[in-house]
Amino acid sequence: LKTESAETGQCVDMLQRIALANPHISFTLYNEGKKKLTLNACQGELFGARQQRIRDVLGAEFAENSVDIAAENEFCKISGMVSLPTYHKANSLSEFLFVNNRPVRDKLILGAIKGAYQGMMENGRYPVCAVFIQIEPMYVDVNVHPTKAEVRFYDNGMVRGLLVSAIRNALNFGGQKSAQ
């Protein structure tokens, strides 16, 4: 085991990921009798509830410096929020990724996000985001890793292209919106 604070941090991170995937459920985390985290159930349809939960987990500063993403084709639907290029972190720990509501840490998705910001953000900096990919189960393999934290897509290029275009379109629209 690591230090108590490191273990608590891991618990908070996992609870945040589960909470992001399930916005209609309330979550409370206690550590040694002290409340560490409370997330109330979000009301309304899934999209609105998910947007509220993202704001609850990632904070008001993120909400003020982010744009919604949305793209879909006949097999895949992408939604979520991504930070503007001016709002970034020193590591990728604030990149929350989900495939069919399963929290994942997938190299393809992380690479697509990095590629979408290429030329807009300095090297060594990472955007903050919550990206939800809904894809037909026959087009994704979740049995790649024992923890099921990695996935393999049947058509990597299609998913990568859809995600990059969703982010770039949102950033372009978001930039125009904030300039008005």
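Values in this document were obtained by computation on a predicted structure and should not be read as measured data.

Draft legend 1. Fine view of the overall build of the protein. Summing up its helical and strand segments, the protein has five helices and 11 strands in all. Whereas a compact globule of 180 residues would reach a radius of gyration of roughly 16 Å, the protein reaches 16 Å, a difference of no more than 12%. C-alpha atoms of the protein, sized along the principal axes, occupy 45 × 45 × 35 Å. Expressed as a percentage of the 180 residues in the protein, the buried residues total 41%. Sequence-distant contacts in the protein: of pairs separated by 6 or more residues, those separated by 24 or more amount to 63%. Across the protein, the mean location of the 20 positive side-chain charges is 3 Å away from that of the 18 negative side-chain charges.

Draft legend 2. View of the pattern of salt bridges. Using the criterion set out here, one finds one salt bridge in the structure. Linking R17 and D13 is a salt bridge whose minimum nitrogen-to-oxygen distance equals 3.1 Å. Of this pair, R17 and D13 both sit in helix α1 (residues 4–21), four residues apart, which is roughly one turn of that helix. Judged by relative accessible area, which is 6%, R17 ranks as buried. Taking relative accessible area as the criterion, D13 reaches 23% and is therefore assigned partly exposed.

Criteria and cut-off values
Residues numbered from 1 in each chain as written. Predicted model: local features only at pLDDT ≥ 70, side-chain atom pairs only at ≥ 80, totals over all residues. Heavy atoms only, no water. Helix = DSSP H or I, 4+ residues; strand = E, 2+ residues; numbered from the N terminus. Rg over C-alpha atoms; globule rule 2.2 N^0.38 Å. Buried < 20%, exposed > 50% of the residue type's maximum accessible area, 1.4 Å probe, protein only. Contact = heavy atoms within 4.5 Å. Lys, Arg positive; Asp, Glu negative; His and termini not counted. Charge placed at Lys NZ, Arg CZ, Asp CG, Glu CD. Salt bridge = Lys/Arg side-chain N within 4 Å of Asp/Glu carboxyl O.

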